Amino acid sequence: MSGFKAKWKVFWRIVRECFLRSLTPWLMYFVASIVMLTVYSREMSLGAQMAWAVICAVVAIAYNGLLMWVCGGTHYEMLVSGNMKRRSAMQTGGELNITSYKFEKEYRPWKGFVIGAFVALLPIIGCIAFGCNQEELVRFAQADDGEGLSRGLAIMSLIFYFLAGWIVLPLLELNATGTAISFFVGCAFCVIPVFVSGGLYIAGAYGRRNKTLRQQEIAAKAAEEAANKPKKINYGGLPGTKPKKKR
């Protein structure tokens, strides 16, 4: 039972680490949603609104990828520390004391996809919620007589305008202008952060690994050159003790 509790505790530590790592990229998507909400509150052409949607999405995805690149490199360094501790325990029977080491922060290829899944969770829920109420939302967006939504649907819409506006607002505007498109289609776009996070996380780990190997090769080459370099003899600077150079 104690072994099960220990594994369960480790599992939740890993889940917490992935969730915390997803908050920063998710914040960028939140900012993109606010920008989109501001854009759609102004009178713009459909083309301008779609252009803003693409810009916001590309910037948020690019920032997401950058963060995951850095995260992959950081987790790779933690994996190296963990391997050192385990190797020390096998060889000497005692582990190295590395205060900054955290097992849940070790690199694993699947962690990037889990982080991306946390980022995409709310947009997917928003697209499903909008898809289930598509007729009412489209009717409200197209209405000119001021007919409103029910209180529950209005609150739900407002919440997901902020949490997933970067994907649901462009779809809502397309439907409002007569281009019938299901909100469920947005779920396909919501998985982009999953693949971006997973791919850049792995790439970041391999990038840090290659950088470390290059640094080791340079250091080894410099040490070899220093060992093979002829040593200078100190003659003390006394007259007649330093051999004359051949002309």
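These numbers come from a predicted model, not from an experiment. (Residues numbered from 1 in each chain as written. Predicted model: local features only at pLDDT ≥ 70, side-chain atom pairs only at ≥ 80, totals over all residues. Heavy atoms only, no water.)

Considering the pattern of salt bridges
What the rule picks out here adds up to five salt bridges. Residue Arg108 is joined to Glu106 by a salt bridge in which the shortest nitrogen-to-oxygen separation is 3.0 Å. Exposure remark for Arg108: the relative accessible area of 24% places this residue in the partly exposed category. A relative accessible area of 1% means that Glu106 is categorised as buried. What you see here is one network of salt bridges that share partners, running through Arg86, Glu106 and Arg108. (Salt bridge = Lys/Arg side-chain N within 4 Å of Asp/Glu carboxyl O. Buried < 20%, exposed > 50% of the residue type's maximum accessible area, 1.4 Å probe, protein only.)

Some words on the nonpolar core
Within soluble globular proteins, side chains that are nonpolar tend to cluster in buried spots. Judged by nonpolar contacts, the single largest core of 29 residues is most densely connected at Phe130 and Ile167. For this core, the elements supplying multiple residues, two or more each, are helix H1 (2-40), helix H2 (46-92), helix H3 (111-132), helix H5 (151-176) and helix H6 (186-190). The leading source of residues in this core is H5, at eleven residues. The next biggest cluster of nonpolar side chains, apart from the first, holds ten residues, and it includes Ile14, Cys18, Met68 and Ile115. (Core = buried A, V, L, I, M, F, W, Y, C linked by side-chain atoms within 4.5 Å. Helix = DSSP H or I, 4+ residues; strand = E, 2+ residues; numbered from the N terminus.)

What to know about a nonpolar patch on the surface
A grouping of Phe4, Trp8, Phe11 and Trp12 is seen on the molecular surface, where their side chains present a nonpolar patch of about 480 Å² in accessible area. If you trace the backbone, Trp8 turns up in helix H1. (Patch = residues over 30% accessible without salt bridge, like charges linked within 9 Å, V, L, I, M, F, W, Y side chains within 5 Å. Areas by Shrake-Rupley, 256 points an atom, 1.4 Å probe, with all protein chains shown as cover.)

Thoughts on the packing of helix H4 (residues 134-142) against H5
H5 packs onto H4 with a crossing angle of 75° between their chain directions and a minimal axis gap of 12 Å. By the criterion of interaxial angle, the relationship of H4 to H5 is roughly perpendicular. Mapping the contact onto sequence places Gln134, Glu136, Leu137, Val138, Ala141 and Gln142 in H4 and Leu153, Ser157, Leu172, Asn175 and Ala176 in H5. Its residues placed into classes, the contact of H4 with H5 shows six nonpolar, four polar and one charged. (Axes fitted to C-alpha atoms, helices over the stretch in contact; angles between N-to-C directions. Parallel < 35°, antiparallel > 145°, perpendicular 65-115°, else oblique. Contact = heavy atoms within 4.5 Å. Nonpolar A, V, L, I, M, F, W, Y, C, P; charged D, E, K, R; others polar.)

Section: the environment of Ala188
Position of Ala188 among the secondary structure elements: in helix H6. Looking at Ala188, the relative accessible area reads 52%, which means it is exposed. Residues Ala188 and Ile124, 64 residues apart in the sequence, show an inter-C-alpha distance of 8.6 Å.

Section: the packing of aromatic side chains
Think of a pair of aromatic rings as described by two things: how far the centres are apart, and how the planes are tilted against each other in angle. Across all of its chains, the model carries nine aromatic pairs by this definition. Pairing Phe11 with Trp12 gives two aromatic rings, centres 5.4 Å apart and planes at 70°, and the pair type is edge-to-face. Assessed through its relative accessible area of 42%, Phe11 is described here as partly exposed. According to the relative accessible area criterion, Trp12 is partly exposed, its value standing at 44%. Measuring from centroid to centroid gives 5.0 Å for Tyr29 and Trp166, while their planes differ by 40°, and the two rings are tilted. You can see Tyr29 sitting in helix H1 and its partner Trp166 sitting in helix H5, a full 137 residues away along the chain. (Phe/Tyr/Trp six-rings, centres within 6.5 Å; stacked < 30°, edge-to-face > 60°.)

Topic: the packing of H2 against helix H7 (residues 192-228)
Where H2 meets H7, the axes come as close as 6 Å, and the angle between the chain directions of the two elements is 45°. Classified by the angle their axes make, H2 and H7 are oblique. Seen along the crossing, H2 lies across H7 with a hand that is right-handed. Counted by class, the contact of H2 with H7 contains 13 nonpolar, ten polar and three charged residues. (Left-handed = near helix turned anticlockwise from the far one by under 90°.)

Quick word on H3
Along its 22 residues, H3 runs 31 Å from first to last C-alpha, staying within 8% of the 32 Å computed at 1.5 Å per residue. Remark: the principal bend of H3, roughly 40°, maps to Ala120, with a proline, Pro123, within the next four residues. Listing the buried residues of H3 in full gives Lys111, Gly112, Ile115, Gly116, Val119, Ala120, Pro123, Gly126, Cys127, Ala129, Phe130 and Gly131. (Expected span 1.5 Å × (residues − 1). Bend = angle between axes of the 7 residues up to and from the residue.)

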